[in-house]
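For reference, the chains in residue letters:
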Amino acid sequence: MKILASINDRVVWGAPMLCLMLFTGVLFTVRTGFFQLRKFPHILKSTVFSREKTNDDGVSPFAAMCQALAATLGTGNIAGVSTALSIGGAGAVFWMWISAFFGMMTGFAENVLGIFYRKKHGNRYIGGAMQYIRTGLSENPKTRELAKPLSIMYALLCVLAGFGMGNAAQMNSAAEALKKSFGLQQIITGIVLAGLAALIVFGGVKRISSVTSKLVPLMSGFYIIGCMFIIVSNAKYIPEAFEAIIGSAFGARQIGGGMAGAAVKTAISMGFKRGVFSNEAGLGTSVFSHSQSRTKEPVVCGMWSVFEIFFDTIVMCTLTALVLLVSPVCTDITTEIPQVTVQTQYFKLTESERIITDGAALPETLTVYGAHGEVLEAALPRELTYSNIMTIQGEERNGVIVSARIEPLRGVGLAESAFTAKFGRPAGAALAILVAMFAFSTVIGWSYFGGEATAFLFGDRSRKPFCVIFIAFSIVGACVNMTAAWNISDMLNGLMAIPNLIAVLILSPKVVKLTRDYCARTFRKKHSFKSSEEKRSSRTRVSDGD
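Residues numbered from 1 in each chain as written. Predicted model: local features only at pLDDT ≥ 70, side-chain atom pairs only at ≥ 80, totals over all residues. Heavy atoms only, no water.

**As for the pairing of strand β5 (residues 365-369)**
Right, so step 1: As judged from the 5 bridges shared by β5 and strand β6 (residues 375-379), these two strands associate in the antiparallel manner. When the bridges of β6 are listed, T365 appears paired with A379.
Right, so step 2: The turn linking β5 back onto β6 is made up of 5 residues, and G373 within it adopts a positive phi angle of 90 degrees. (Pairing = 2+ DSSP bridges. Helix = DSSP H or I, 4+ residues; strand = E, 2+ residues; numbered from the N terminus.)

**Digging into unusual backbone geometry**
Right, so step 1: The backbone phi angle of F34 is positive, close to 55 degrees, even though this residue is not glycine.
Right, so step 2: Positive phi, close to 55 degrees, is recorded for N398, a residue that is not glycine.
Right, so step 3: Inspection of the secondary structure puts N398 in the loop between β8 (389-397) and β9 (400-408).
Right, so step 4: The exposed category is assigned to N398, whose relative accessible area is 81%. (Buried < 20%, exposed > 50% of the residue type's maximum accessible area, 1.4 Å probe, protein only.)

**Re the side chain of S46**
Right, so step 1: Here S46 shows up in helix α4 (residues 40-46).
Right, so step 2: With a relative accessible area of 17%, S46 lands in the buried category.
Right, so step 3: With residues up to four places along the chain from it excluded, the contact list for S46 reads V300, M303, W304 and Y518. (Contact = heavy atoms within 4.5 Å.)

**Here's the deal with helix α16 (residues 412-423)**
Right, so step 1: The terminal C-alpha atoms of α16, which comprises 12 residues, lie 16 Å apart, in line with the 16 Å expected from a rise of 1.5 Å per residue.
Right, so step 2: Where α16 is concerned, the buried positions are V412, G413, L414, A415, E416, S417, A418, F419 and T420.
Right, so step 3: Trailing α16 by a residue or two, G424 shows a phi angle of about 95 degrees, which is positive. (Expected span 1.5 Å × (residues − 1).)

**Some details on the pattern of salt bridges**
Right, so step 1: Under the counting rule described, the total for this entry stands at 6 salt bridges.
Right, so step 2: Close ionic contact of E297 with R521 constitutes a salt bridge, the shortest N to O distance being 3.2 Å. Remark: R521 occurs in helix α20 (residues 508-526) and E297 occurs in the loop between α14 (286-290) and α15 (298-326); sequence separation between them is 224 residues.
Right, so step 3: Across the pair E452 and R463 runs a salt bridge, and its minimum N-O distance is 3.0 Å. Of this pair, E452 sits in helix α17 (residues 425-458) while R463 sits in helix α18 (residues 463-477), placing them 11 residues apart in sequence. (Salt bridge = Lys/Arg side-chain N within 4 Å of Asp/Glu carboxyl O.)

Below, the structure is given as structure tokens:
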């Protein structure tokens, strides 16, 4: 696992990848005149507040967005953000915002191209990023040779990423949450959720859209209400939370001057990784859903993607981050290290009352005591941690504790602690159910994405066999090591973005042209101005009338 983590940090998610993703978003932001900022009221009016006509040609734009959100609104919004804060500190939130702001235009470009290059096949559309990679690049003699290999590379990585990000990481987080709250064995969670997913997945894209258009608003609404109640209840800590976000983003709050540089680098890396994991901007996955939309205008479809990324990261991820930054640690968790047992127990790392701190360096070992008087040297991860809650668990042989493992609490567990501190133990159980719903919706969405990519590679007949394997793998995903699931997901995310971003950058002139044409048609009609001759003529007529 250390090797995989090292590959992610230094190669897949190193400076070149971060620069490529940032450059892509900045390019479209600048070339469209900060479209996502200037035209945000128009984006809202044209998407969630639009009055769309219903017909049977494809799924509604709202349903397509919900299907895309079903795949993106997963455990990344809870477990991913919690992990980002525990490893990268509050500063990771700032870089998550940056990735989302520019990522809005990356997602916009992907979906403009997705609608423009999609193909009609019978009563459905054939779409996805691999379609604009192959068709779009084939139009130019200079890039024609890249079209086929890049599209195949993307489709293959999409299939593999589906098993990682869209399956194992989600199911594992759901299984861990339900095990902690209800004591359910992970394999049972996997079997139940896999069975429910099969009932929906094999109903086709319209059943998936129908379920997700109901599930996404429901689970989002419950989560937003719970988060807002916690944040408002701890309102006096909100200014401090934003100060921590800005200060930690640039190393102003990290302990020890020599650690500031490394801390900022980690914050940037975690912010971008978890931001992309959450909203998938740059991966091209939302194109699968939006390609089925009955929207005919490519730019309008792009605007749906802008709102989708805004809601996913700026709203949902920020709510999770603020909950963690303003919430206190449960009163029954103290700095006193408990006697080691085979059960997982918790203790505070510092005297701070907050769940997320400014960072603390962990010692290499710590002397702890077993329930029967055993003296043990527990090894700790050699790292800086921002999580103020530590877990300790012992391994028993023949009735004697022989070793102990101490780790920072991360992922869903941190969010559960915040909800438990405010609402009590039942809230932790409610959040676990909500996490399972988020994970379930993501698995449903990714089953469709992976099925479309498989059909692109091997033909339509391969779609159902893929879904069977994908659903069966959900059971395995629920039982795998969580660290491994996240590392594999991060690696596949990064690799999947490469062919997509290359194609999107090459096709950027097409996106800019379509956007300018749309703006000329739309805003010229709404804000027409008379010529100087018409104005003089109008003034003359008024004067004559007087």
